Structures are given as structure tokens and as C-alpha cells.
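Observations on the three-dimensional arrangement
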Amino acid sequence: MEKERKLIITGNWKMNKTVAESLDLANGLVRELKDVTEVDIAVCPPFTALGAVSEVVIDSNIRLGAQNMSENGYGAHTGEIAAGMLKEFSAKYVILGHSERRQYQRESDELVASKAKAAHEAGLKPIVCVGEQLEDREGGRTEEVVGTQIRGSLAGLTTAQMEGTVVAYEPVWAIGTGKTATSAQAQEVHAFIRNLLGDIFDEDTARIVRIQYGGSVKPDNARELMGQADVDGALVGGASLDVKNFSEIILNSI
Ligand code: PGA
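Residues numbered from 1 in each chain as written. Predicted model: local features only at pLDDT ≥ 70, side-chain atom pairs only at ≥ 80, totals over all residues. Heavy atoms only, no water.

1. A word on the overall build of the protein chain
If you tally the helices and strands in the protein chain, you get twelve helices and eight strands. In terms of overall size, the protein chain behaves like a compact globule, its C-alpha atoms giving a radius of gyration of 17 Å where 254 residues would be expected to give roughly 18 Å. For the C-alpha atoms alone, the extent of the protein chain along its principal axes is close to 45 × 45 × 35 Å. Across the 254 residues of the protein chain, 54% fall into the buried class. In the protein chain, once contacts between residues fewer than 6 apart in sequence are set aside, the share between residues at least 24 apart is 74%. Considering the protein chain, the positive charge centre built from 26 side chains and the negative charge centre built from 37 side chains are found 2 Å apart. (Helix = DSSP H or I, 4+ residues; strand = E, 2+ residues; numbered from the N terminus. Rg over C-alpha atoms; globule rule 2.2 N^0.38 Å. Buried < 20%, exposed > 50% of the residue type's maximum accessible area, 1.4 Å probe, protein only. Contact = heavy atoms within 4.5 Å. Lys, Arg positive; Asp, Glu negative; His and termini not counted. Charge placed at Lys NZ, Arg CZ, Asp CG, Glu CD.)

And the structure:
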């Protein structure tokens with residue numbers, strides 16, 4: 001499948017996997033995906049397994065990401081993790097503003113924007129998540145909600161930083177529910193986001209930015225979703241916890 005932008009497919013392991021289980025999963029993925037060059041692949045284990053997984057993937061085509069980080073540098077922030085600490089494990093990406101953090105840790109667009117800025121300053125590429133709740137969609141407010149999140153969460157980034165940022169559109173009603181947005185629904189919001197990035201930054205930047213879809217991506221719906229013009233990859237939760245499922249999502253997308 002010829003795409004304008006190289007696909008990026010990321011596994012978000014969330015709060016799952018012991019170190020031993022993480023090693024099994026990472027080793028299996030390295031084995032199954034070693035010949036893939038067409039897609040950028042990344043896995044985001046829990047913090048506790050970053051060191052172990054880093055050693056497994058370091059010489060492979062699989063990159064490492066984290067699921068969150070602090071907006072602050074090193075210092076007195078008990079329980080937080082600084083970007084520089086993630087860099088120690090050769091992490092390349094960091095997921096920011098996932099809907100679970102927005103909902104349960106009350107992360108605001110403003111906080112996500114300061115984390116995105118701090119990530120870039122440390123040399124990490126943020127994957128900034130946005131997405132509407134079911135009642136927003138049913139009330140016809142999807143574009144209003146996603147538009148506000150995009151403007152707020154990417155505020156203050158330079159165009160160069162924006163080009164190195166991945167946006168993940170994850171409708172909250174599709175996360176972990178088995179309900180995927182149809183490929184047409186995904187494409188519609190992705191095109192809206194790209195248009196908006198053109199307004200906020202410029203057309204060239206908007207053309208370069210990769211926009212992932214997330215929300216119940218599985219081996220059997222990946223191909224159709226990835227086939228949409230403005231869908232440039234996937235952020236995969238549940239199905240990324242299994243070697244076969246995550247590998248098939250990637251192989252089916254090529
Ligand atoms: P899911 O999660 O694939 O389990 O729906 C996606 C995500 O939350 O990133």
C-alpha cells in the first residue's frame with residue numbers, strides 16, 4: 001500500500017506486564033517483525049520494564065517509547081519521571097495526554113502542551129493523544145472538542161517540533177470497548193485535524209505530521225483503517241499485548 005507518510009504503529013501496553021512478561025513479548029515481536037522496514041514500529045511498556053525491553057529491542061527495528069513523563073526536569077517531584085530518565089533507556093517516543101490520563105489524572109491541554117515542549121527539548125518525540133467522548137460525538141461536538149484539544153495540547157510548539165510530533169486520534173468511546181470508529185469516521189476526523197494543523201502551523205507542516213488512529217485496532221480492521229488517506233498509523237492498546245495480534249496488525253497494514 002503506497003502511503004504519503006510512513007506508517008507508525010505503536011503498542012501502548014498500559015499498566016500491564018511484569019518484567020518477565022515484557023521480555024517475552026519484546027523477544028517475540030523482535031522475532032516476528034525483524035524484516036519489516038515499511039512501518040515505524042514502537043512499543044511503550046510500563047516504566048518498570050523499560051530497562052529490560054530496551055536491551056531486547058536496542059539493535060532491532062523496534063523503537064522504545066514511554067507512556068507518560070513529567071513536564072519538569074530533574075528535581076523534587078516525588079513519583080515523577082523526567083524526560084532525561086527515559087532517554088537513558090534510549091526511548092525515542094513518549095505518549096502524552098492519553099484519554100485515561102486526561103480522565104483519571106485530570107491532565108489538561110495546558111499540561112500536555114508543557115510536557116510536549118519538555119519532551120522535544122530532551123530529544124523525545126511526543127505522541128499527543130486527543131479524542132472525543134461518546135456524548136460529544138452524539139451531540140455533534142466532535143470537531144469542537146478535538147479542535148480545542150489540538151490547539152491547547154500543541155500550543156507553543158515550533159513548526160520543527162510539530163513536524164517531529166505524532167498526533168493520535170483516539171475516540172474515547174472506541175478505547176478498549178471493541179467498538180472501532182468506521183474507517184470513514186476516522187478519516188473524517190483525521191482530515192479535520194490535518195486541516196487545523198495547516199491553520200495553526202502551515203500547510204507543509206500539516207502534510208508531514210503523522211496522525212495515528214487508536215481505539216480497538218485489531219488484526220482484522222487494521223488494513224482498512226490504514227488504507228485511509230490521512231490515517232498514518234495506529235496506537236494499539238489491548239491487541240498490542242500479544243505477539244501474534246500486534247505482529248498481524250503491522251503485517252496486515254503493509
Ligand atoms: P485499545 O486502546 O486498542 O485497547 O482500544 C487504545 C489506546 O488506549 O491507546
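From this point, the discussion proceeds with the structure in view.
2. Considering the sheet that holds strand 2 (residues 39-44)
The sheet built from eight strands closes into a barrel, its strands ordered 1-2-3-4-5-6-7-8 with parallel pairing. Strand-to-strand twist in this sheet, taken as the mean axis angle between neighbours without regard to direction, amounts to 25 degrees. In the sheet, strand 7 (residues 210-214) pairs with strand 8 (residues 233-236) via two bridges, with the strands oriented parallel. Across the sheet, the residue bridging to Gly214 is Leu235, located in strand 8. Where helix 5 (residues 109-122) meets the sheet, its contacts fall on strand 4 (93-96) and strand 5 (125-130), and the angle it forms with strand 5 comes to roughly 160 degrees. (Pairing = 2+ DSSP bridges. Axes fitted to C-alpha atoms, helices over the stretch in contact; angles between N-to-C directions.)

3. Considering the site of the ligand
Around the ligand, a shell composed of 13 residues is seen, among which Lys14, His98, Glu170, Gly176 and Ser216 lie nearest. Contacts to the ligand include Asn12, whose side-chain N or O atom sits 3.5 Å from an oxygen atom. The backbone of Gly237 places a nitrogen or oxygen atom 2.8 Å from an oxygen atom of the ligand. Bound to the protein, the ligand loses 96% of the 290 Å² it would expose on its own. Among the residues making up the shell around the ligand, the classes are represented as four nonpolar, seven polar and two charged. (Near = heavy atom within 4 Å. Polar contact = N/O pair within 3.5 Å; in protein donor to acceptor, adjacent residues only side chain to side chain. Areas by Shrake-Rupley, 256 points an atom, 1.4 Å probe, with all protein chains shown as cover. Nonpolar A, V, L, I, M, F, W, Y, C, P; charged D, E, K, R; others polar.)

4. Details of unusual backbone geometry
A positive phi angle, close to 50 degrees, is found at Lys14, a residue other than glycine. The topology assignment puts Lys14 in the loop between strand 1 (7-12) and helix 1 (19-33). Its identity is not glycine, yet Ser216 carries a phi of approximately 55 degrees, on the positive side. The topology assignment puts Ser216 in the loop between strand 7 and helix 11 (219-226).

5. Quick notes on the pairing of strand 3 (residues 62-66)
The buried fraction of strand 3 is high, at four of five residues. In terms of strand pairing, strand 2 meets strand 3 through three bridges, oriented parallel. Across the sheet, Ile41 pairs through a bridge with Ile62, a residue of strand 3. Handedness of the β-α-β unit built from strand 2, helix 2 (residues 50-57) and strand 3 comes out right-handed. In the sheet, strand 3 pairs with strand 4 via two bridges, with the strands oriented parallel. Note that in strand 4 the partner of Gly65 across the bridge is Tyr93. (Right-handed = clockwise from strand over helix to strand, strands pointing away.)

6. Section: the state of the cysteines
On inspection of all chains with the given rule, the structure shows zero disulfides. The thiol sulfur of Cys44 is not disulfide-bonded, and the nearest other cysteine sulfur, from Cys129, lies at 9.4 Å. Cys129 gets classed as buried once you look at its relative accessible area, which sits at 2%. (Disulfide = S-S within 2.5 Å.)

7. Here we look at the pairing of strand 8
Burial along strand 8 is two-sided: the face carrying Gly233 and Leu235 and the face carrying Ala234 and Val236 are both buried. Sheet analysis places strand 1 next to strand 8, joined by four bridges and oriented parallel. Across the sheet, Gly11 pairs through a bridge with Val236, a residue of strand 8. One crossover worth recording links strand 7 to the parallel strand 8 by way of helix 11, and it is right-handed.

8. Quick look at the nonpolar core
Of all hydrophobic cores here, the largest spans 65 residues; its most connected members are Leu29, Met69, Ile150, Val167, Ile193, Leu197 and Tyr213. Each residue touching Met69, except ones within four places of it in the same chain, is listed here: Ile81, Ala83, Leu86, Val94, Leu96, Lys115, Ala118, Ala119 and Leu124. Residues Ala42, Cys44, Ile127 and Val166 belong to the second largest nonpolar core, which totals ten residues. (Core = buried A, V, L, I, M, F, W, Y, C linked by side-chain atoms within 4.5 Å.)

9. Topic: helix 11
Along helix 11, the residues that are buried comprise Pro219, Asn221, Ala222, Leu225 and Met226. Buried residues in helix 11, looked at end-on, bunch into an arc of 155 degrees, giving them a common side. Across from the buried face of helix 11, at angles greater than 90 degrees, the exposed residues are Asp220 and Glu224. Of the surrounding secondary structure, the elements contacted by the buried residues of helix 11 are strand 1, helix 9 (183-200), strand 7, strand 8 and helix 12 (243-253). (Arc of directions from axis to C-beta.)

These results come straight from atomic positions and should not be treated as a statement about function.
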